[in-house]
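Fold and contact review
Letter by letter, the chains look like this.
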Amino acid sequence: MKREAWWSLVLCGCLAAPVCGGTFGKAVSIGGHASDLVLDETRGELYVANFTANRIEALAVPDGTLKHSINVAPQPGSLALSPDGRYLLVTHYANYQTPGMPRNAITLLDLATGARQTFALSAPPLGAAFLINGRALIVTTTEFLSFEPVSGTVRLLDTVEGVTATTLPAPPANFPPQIIAASVAASRDQQVVYGLTDTIRFRYDLLSGRVVSLGYTAEPPLGPRVVSVSRDGAYYTAGWALFDRQGSVIAQFPGASGLLNVGSHAIDSDRGVIYAQIPAEEGAPPVLMIADADNLTVRERVQLPENLAGRSVLSSDGSMMYSASDSGVLILPVGNYSRARRLKTSSEEIFLRTGFCNRRVAVQGLWIEDESGATTDFTIASSHPAITVSPSYGTTPARVEVRADPNALQNRSGTAVAWLDIRSSGAVNLPSRVRVLASLLEPDQRGTVIHIPGRLVDILADPVRNRFYVLRQDRNEVLVFDAADYRRIAVLRTGNTPTQMAITADRRLLLVGNDNSQIANVYDLDTLVQTAPVRFPPGHYPRSLAAAAGAILAASRVAGPNHTIDRVDLLTRTASELPTLGVYENKVDLHTVLVASGNGSSILVAEADGSLMLYDANAATFTISRKDYTSLEGAYAASNSGMFVVDNLLLNSSLVPVGRFEKGANLSSGFAFDGDSGLLTLAPPGGGAGVMERVDLSSAAAVRPTRIAEAPPEREPGFALTRTLAPLANRQAIVSLTTAGFTVLSWNYDAATAPPRIDAVVNAADFSRPVAPGGLIAVFGEDLSPVNMATSEMPLPTALGDTCLTVNGAPVPMLFVSPGQVNAQLPFEAEGNVTLALHTPGGVSDNFPLSVSSTAPSLFHSGSAGPLVDIATVVRAENNQLATQANPVHGGDALVIYLTGLGRVWPAVPAGSAAPYDPLAQVVIPPAVTLGGTELPVLYAGLTPGCAGVYQINVRVPHWAPAGSKVPLTIDQGDSSTTVTVRVVQ
């Protein structure tokens, strides 16, 4: 059996793959509860503290077989191995209450000689860690102690206050992390120790010999109760959070449950990753996250056979991870993870374009592969009935087709969203869901959609550098775009769950607030280099920032009773909670946003609970506070002239409403001021096309509401106020965040256009009447298209240049559009009296009645030879050149006549599709061809392979055909006939 199969199928002790296939790691039972473990690579052993069995289990690595057990004093709670590998230090958390006797102690095991010593402690020990000098730091509920193993001396370093020790016996179904409720760990270089209890976090530096308190504010509690430290001690994880050396929360795993006894983590500094199980709720399936070590962006999720339950350690080369678990120990070959079966898709999102003018099923391929190279099973299912996947199951590698049927979505417009869920019984990872977006564009919807994957939550223009910035929350990134061509030019990494951006008043720095980091990221906009972040007070998460002249403010989510406005000091890169907001209490709603006026004169504070405040930069204080509404949601913006917008309310400089924009049932999303007017985007409830309208600020009246290509994105839960609109410098364009990315609109997107008018419909070969099914037609009129555009795409599109032509209500394939002419192919089903209509951004034409004959042969006159043009397309096979006066037809020649209008064919070919080479599509009604009255044998009559709507007739010219300079070549088919003249010589 291959090694990767052993890990995935036999790891939890099962005998057959179906029992536990698809999990990663090997569970080893120790017959008790593991409270701590250390790795002794010199001896090839893993020491596991069996808290309830009062022994140390020595497991062979890497396979985890039990080598021997060491009986020790009761309740071994934590372990530490000396730097030279000689001593194993065991702390005993035996804090029994009366009538029992506390037996708190430490045991020193000499691994070289087998000798042991036990030392009593006056308080329950919470943990221990060795430093590079050979001494151990021991933390009790009352003291920090330095222990020298050779002499057995104990020295007091500092005292601890306020730590409450759990007493024994504990209620049933409690586990060591819940009982001891503490963790202590050293960096790999053993220069620094970090620790965590129920009430304190601390750092001990060997160089200074000092214990530094890092504070403790956490809701829920910091669980799992584990501390992991980077190689050099520059950062560490404690519970569900990642901290830097100063104790600031760099990032945290969102939605953590705070369970102390479920989960674990370990830092691999060399690879820049953190392996972590952080459950979101009790009873959640055991899943290991592989996350980036700088901001906890999750790279992959891996299924485990059981929960981790305490300390995790990595081998020195990072190839193996050993974790305390429900059974005892879980052994994870993380270095060989690339060999494990795991599914990956070729795209994280699929964008399909369809709509009223394009009724064909939109199709895009998606590859599903196993990165290990194995053949692995999968199933894939769509959340939307109109978006399907075929095949829906199989084995890797496989290409599946994702299809969006516009006919099933015809009752809506805008962009439909579906999710593809991928599952496997053999893969160890949980593949990410694939988002599918089906854009159902109609001709009157303005703007160009540029697909950008991910959850986009904020947009900000930079007129100084002609750029704009988009916040991608699911990947913790700022995406930087060139405003000239909308190219992405850079990606900036943020903290965890970025929420809003701000540019400083001097236009030099970009600030980013985060919902799951207690820092604001800072970037130099000239170099796009990240500089030192702004650190916020403990428990403060800066969700919204704004920069006015002389002040930078942040609305912070606080792990405490009140959420606050904090002030940022860029010089020291720190933030502090304002004591008051002028004469008002510093207490704001959780869902609060800030926005500064462009000239830096003020900052608007808008709160979801209906409160409004204003910071006046000249007065350097908050001058206005109002609560005229029970709630606020949607767009927000600040002007340079003392006007503000929140939702559909227009506010004056005193935040008094002076106008209300009519929005109906729509939700406002983005607003931007433009002199005496503004731009407002609206999202219809339940999806559909978005609306952008100009707003007259003097009357709050909407001016020319216009449907745009997509609706603004759905609001994220907990974020009621949104910014989705960014007008670019010099009125180049308007960029709006929308469902599939962003939509670019010209500044005159709402300019009036005339509806199209159809004047005549003829065949596209010689511009004569009648026309026939399957033939190419030319539509003449006015305002038929806003642009000139042709296509050689196959199949032919049914929408071209925002124009589409319908026959009896069904869009038809088109080849060319212009203001005065449209070329298209009639459906083969169109026969008799039909109705044409043309759809453009200007509207819909009046119905145009058309009579369609069963046949209407007409030769193309598009040939040219030297200075000659408009030559009938009759080709001599002898030299493959057009028949002209200089290249006459000879007796015995084979001729190929290209034309349109020969009607139905067999086998049938869909309109717009290229005709097949095999079998050839031959006409149902055969034509008769004569040259000067002499019948020519017809060798083939049907569609030209590789073309749409183009037919050809192949004939042979007999030697007795009449000669002359203008001999009539006539084609008769059904009740129709057409004639051209050619020169014939003998």
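As shown above, the structure is provided for reference.
Heads up: these notes are all about the structure in this document. (Residues numbered from 1 in each chain as written. Predicted model: local features only at pLDDT ≥ 70, side-chain atom pairs only at ≥ 80, totals over all residues. Heavy atoms only, no water.)

Time to look at the overall build of the protein chain. Helix and strand counts for the protein chain stand at three helices and 91 strands. Projected onto the principal axes, the alpha-carbon positions of the protein chain cover approximately 125 × 75 × 45 Å. For the protein chain, with 986 residues in total, the buried portion stands at 58%. If you sum the accessible surface of the protein chain, you get close to 38300 Å²; carbon and sulfur atoms cover 51% of it. Side-chain charges in the protein chain split into 69 positive and 86 negative, and the spacing between the mean points of these groups amounts to 4 Å. (Helix = DSSP H or I, 4+ residues; strand = E, 2+ residues; numbered from the N terminus. Buried < 20%, exposed > 50% of the residue type's maximum accessible area, 1.4 Å probe, protein only. Areas by Shrake-Rupley, 256 points an atom, 1.4 Å probe, with all protein chains shown as cover. Lys, Arg positive; Asp, Glu negative; His and termini not counted. Charge placed at Lys NZ, Arg CZ, Asp CG, Glu CD.)

Now for the packing of aromatic side chains. Two aromatic rings, taken as a pair, are described by how far apart their centres are and by the angle between their planes. Applying the stated criterion across every chain, the model contains 13 aromatic pairs. When the centroid spacing of 3.9 Å and the interplanar angle of 20 degrees are considered together, the rings of Tyr194 and Tyr236 count as stacked. Note that Tyr194 is positioned in strand S15 (residues 192–196) and Tyr236 in strand S19 (residues 235–238), a separation of 42 residues in sequence. Classification of Tyr236 as buried rests on a relative accessible area of 0%. Aromatic ring contacts, followed pair by pair, group Phe468, Phe481, Tyr486 and Phe742 into a single cluster. The side chain of Arg557 reaches across the aromatic face of Tyr541, ending 4.1 Å from its centre. (Phe/Tyr/Trp six-rings, centres within 6.5 Å; stacked < 30°, edge-to-face > 60°. Lys NZ or Arg CZ within 6 Å of the ring centre and 35° of its normal.)

Turning our attention to the pairing of strand S40 (residues 467–472). Counting buried residues in S40 gives six out of six residues, a clear majority hidden from the surface. Side chains Arg467, Tyr469 and Leu471 project from S40 onto one buried face, and the interleaved Phe468, Val470 and Arg472 project onto a second face that is buried too. Taken together, the six bridges between strand S39 (residues 456–462) and S40 define a ladder with antiparallel strand orientation. For Ile459, the partnering residue across the bridge sits in S40 and is Val470. In textbook terms, the turn of a hairpin is the stretch between consecutive antiparallel strands, and for S39 and S40 this stretch comprises four residues, one of which, Asn466, has a positive phi near 55 degrees. Strand direction decides the pairing type here: S40 and strand S41 (residues 477–482), joined by six bridges, are antiparallel. From the neighbouring strand, Arg472 faces S41, where its bridge partner is Glu477. Between the end of S40 and the start of S41, which pair antiparallel, lie four residues, with Asn476 showing a positive phi angle near 55 degrees. (Pairing = 2+ DSSP bridges.)

Examined bridge by bridge, strand S70 (residues 804–807) and strand S74 (residues 832–840) share four bridges and lie antiparallel to one another. What sits directly across from Leu805, in S74, is Leu838. Pairing of S74 with strand S76 (residues 848–852) involves five bridges; the strand directions are antiparallel. Directly across from Val834, in S76, lies its bridge partner Leu850. Pairing analysis gives two bridges linking S74 to strand S75 (residues 843–844), with the strands arranged antiparallel. Paired with His839 across the bridge in S75 is Val844. Where S74 folds back on S75, the antiparallel hairpin that results is connected by two residues.

Counting across every chain of the model gives 44 salt bridges. Where Arg311 meets Asp36, a salt bridge forms, and the shortest distance between an N and an O atom there is 2.9 Å. With a gap of 275 residues between them, Arg311 in strand S26 (residues 308–314) and Asp36 in strand S2 (residues 34–40) connect regions that are remote in the sequence. For the residue pair Arg311 and Asp36, the accessibility class agrees, reading buried in each case. Ionic pairing is found between Asp458 and Arg723, a salt bridge with its closest N-O pair at 2.8 Å. Within this pair, whereas Asp458 is found in strand S39, its partner Arg723 is found in the loop between strand S63 (721–722) and strand S64 (725–727), the two being separated by 265 residues in sequence. Each member of the pair, Asp458 as well as Arg723, carries the same accessibility label: buried. Residues joined by salt bridges that share partners form a network here, namely Asp292, Asp294, Arg299 and Arg493. (Salt bridge = Lys/Arg side-chain N within 4 Å of Asp/Glu carboxyl O.)

Before going further, it helps to examine the sheet that holds strand S59 (residues 667–674). One open sheet accounts for four strands, arranged S59-S60-S61-S62; its pairing is antiparallel. Two strands close off the open sheet at either side, each with one partner strand: S59 and strand S62 (701–708). Strand after strand, the sheet turns through a mean of 20 degrees between neighbouring axes, direction not considered. Two elements, strand S61 (residues 690–696) and S62, share six bridges in a ladder whose sense is antiparallel. (Axes fitted to C-alpha atoms, helices over the stretch in contact; angles between N-to-C directions.)

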